[in-house]
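# Architecture at a glance
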Amino acid sequence: MQQRAFSNTNLLLLAFTYLCYFGQIGVLIPYLGVFLDARGFSSADIGQLTAFITLSRIVGPYFWALIADRSGKNLRTLQLGCLLSIITLSLVWFVDSFWGLTLAIGLMMMFSTAILPQIEVLTMSCVQGNSTRYGRIRLWGSIGYIVLTIFTGMMIDVFSAEAPLIIAFVVLSLLFVGLLFLLEPQSNVTRQNSQLSIWHKLKTPVFASFLLSALLLQVSFGPYYGFFALYARDLGYSGQATGWLIAAGVMVEVGIFLVAGNVIKRCGVKWILIACMSLTAIRWALLAAFAHNIYLLIISQMLHAFSFGMTHAASIHFIHQYFGKIFQSRGQAIYISVAFGVGGAIGNFWAGNLWSQGQGAELTFWLASITAFCGALCLLPIASKHLNNLPSANVK
């Protein structure tokens, strides 16, 4: 009974952790362009700055994961990364230059890369790899994203474009406080095993195809993450309306996480990812051609439930099964480094150069649509069984 109470308390704290972590993502990612625009940066500057700071997500995840794997202290690594993120984010109020803000936000991003991989590892350990239970905890991240995205949009209207950074600072501080009460599950992975080479897991065609498709998907997100809020503003939508538009897809995403485990079991990882990336291609096409139509714009936003929610759940399921307990942290880190780090940097950079203060918006989203569809094509040659029914050697 005491063990069950301990588990329930830990799961509640993990839900709070997801709420705060993805809540601050919902504050920073959609509105960073608005913040930078208010400080006088051009769209090319914004694209380059976000590309530079996204590069910090390439090295950071693997560095932190290596520390976590070798020390066996996932929670301590998580707490340290969160604390350093808070400290470096506070630097934005002391600098105003291009390179000053790049350094401050880039360091914050690098330190925050310690957070998500370790949360995923801790959660999957607590739920013992159960995708259904994972989805029910992970959905709180979507709830945090929804609430804080809408709230931040309202605060921009009421106060100023500085609001997102202030809110992100407060939410990260709450996240750190929550982490102080979180307990780490006992690990049966020895330090000797954690030092084994991961290379044999990385060089297979299955993982290479999965990683390339994930990278292309994140490249396609470049114009959305960097410029959607500015795009909506240029189309005449208020900050509050933009917040609701961003939140619309994440609202549906909550329902997706509730059923994700059962859907993965029934449909398999391969066809879920292909379907989700194809829907993402349709989503960007709608933004390119019909963003002026509020109804089609809402539909495109609701597709976020698939382009991120279901894709993420299926990808985490695959990573957990493929890498097993020994390489969990490093597997998560490599996925985040390459897909979100490299892919995000490329997407932000080319989107910034094509955007041209909004004049290239349609072309940018059309290219994003093609890129997402190419991500789906990468998975077609891989047999379903290689992504779904992994050999027992992979799930030690």
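Our structure is the block above this text.
Okay, so let's go over this structure. (Residues numbered from 1 in each chain as written. Predicted model: local features only at pLDDT ≥ 70, side-chain atom pairs only at ≥ 80, totals over all residues. Heavy atoms only, no water.)

## Things to note about the packing of aromatic side chains
By the definition in use, this model includes 21 aromatic pairs. An angle of 85 degrees between the planes, with centres 5.9 Å apart, marks the rings of Trp 93 and Phe 169 as edge-to-face. On the criterion of sequence distance, the pair formed by Trp 93 in the loop between helix 3 (74-89) and helix 4 (98-112) and Phe 169 in helix 7 (residues 163-179) is long-range, its members being 76 residues apart. For Trp 93, a relative accessible area of 35% translates into the label partly exposed. Summarising the aromatic geometry, the rings of Phe 210 and Phe 318 are spaced 4.6 Å apart at their centres and angled 45 degrees between planes, so their arrangement reads as tilted. Pair noted here: Phe 210 is in helix 10 (residues 205-220) and Phe 318 is in helix 15 (residues 304-323), with a separation of 108 residues, a long-range link. By the burial criterion, Phe 210 is buried, and Phe 318 matches it. In this arrangement the basic side chain of Arg 138 is found over the ring face of Phe 22, its NZ or CZ atom lying 3.8 Å from the centre. When the ring centre of Tyr 224 is taken as origin, the NZ or CZ atom of Arg 283, which lies over that ring, is 4.5 Å away. (Phe/Tyr/Trp six-rings, centres within 6.5 Å; stacked < 30°, edge-to-face > 60°. Helix = DSSP H or I, 4+ residues; strand = E, 2+ residues; numbered from the N terminus. Buried < 20%, exposed > 50% of the residue type's maximum accessible area, 1.4 Å probe, protein only. Lys NZ or Arg CZ within 6 Å of the ring centre and 35° of its normal.)

## Brief notes about helix 14 (residues 294-302)
Since there are 3.6 residues in each turn of an α-helix, residues three or four apart along the chain are aligned in direction. Within the sequence span of helix 14, burial applies to Leu 297, Ser 300 and Gln 301. Viewed end-on, helix 14 has its buried residues packed into an arc of 100 degrees, placing them on one side of the element. The elements touched by buried residues of helix 14 are helix 11 (222-234), helix 12 (239-267), helix 13 (269-290) and helix 15. The distance from a side-chain oxygen at the start of helix 14 to the backbone nitrogen of Tyr 295 is 3.0 Å, and the residue carrying that oxygen is Asn 293. (Arc of directions from axis to C-beta. Contact = heavy atoms within 4.5 Å. Polar contact = N/O pair within 3.5 Å; in protein donor to acceptor, adjacent residues only side chain to side chain.)

## Topic: the packing of helix 11 against helix 17 (residues 361-379)
Between helix 11 and helix 17, whose axes approach to 12 Å, the crossing angle comes to 150 degrees. Here helix 11 runs over helix 17; the crossing is left-handed. Along its contact with helix 11, which presents Pro 223, Tyr 224 and Tyr 231, the element helix 17 presents Ala 361, Thr 364, Phe 365 and Ala 368. Its residues assigned to classes, the contact of helix 11 with helix 17 comprises 6 nonpolar, 1 polar and no charged. (Axes fitted to C-alpha atoms, helices over the stretch in contact; angles between N-to-C directions. Left-handed = near helix turned anticlockwise from the far one by under 90°. Nonpolar A, V, L, I, M, F, W, Y, C, P; charged D, E, K, R; others polar.)

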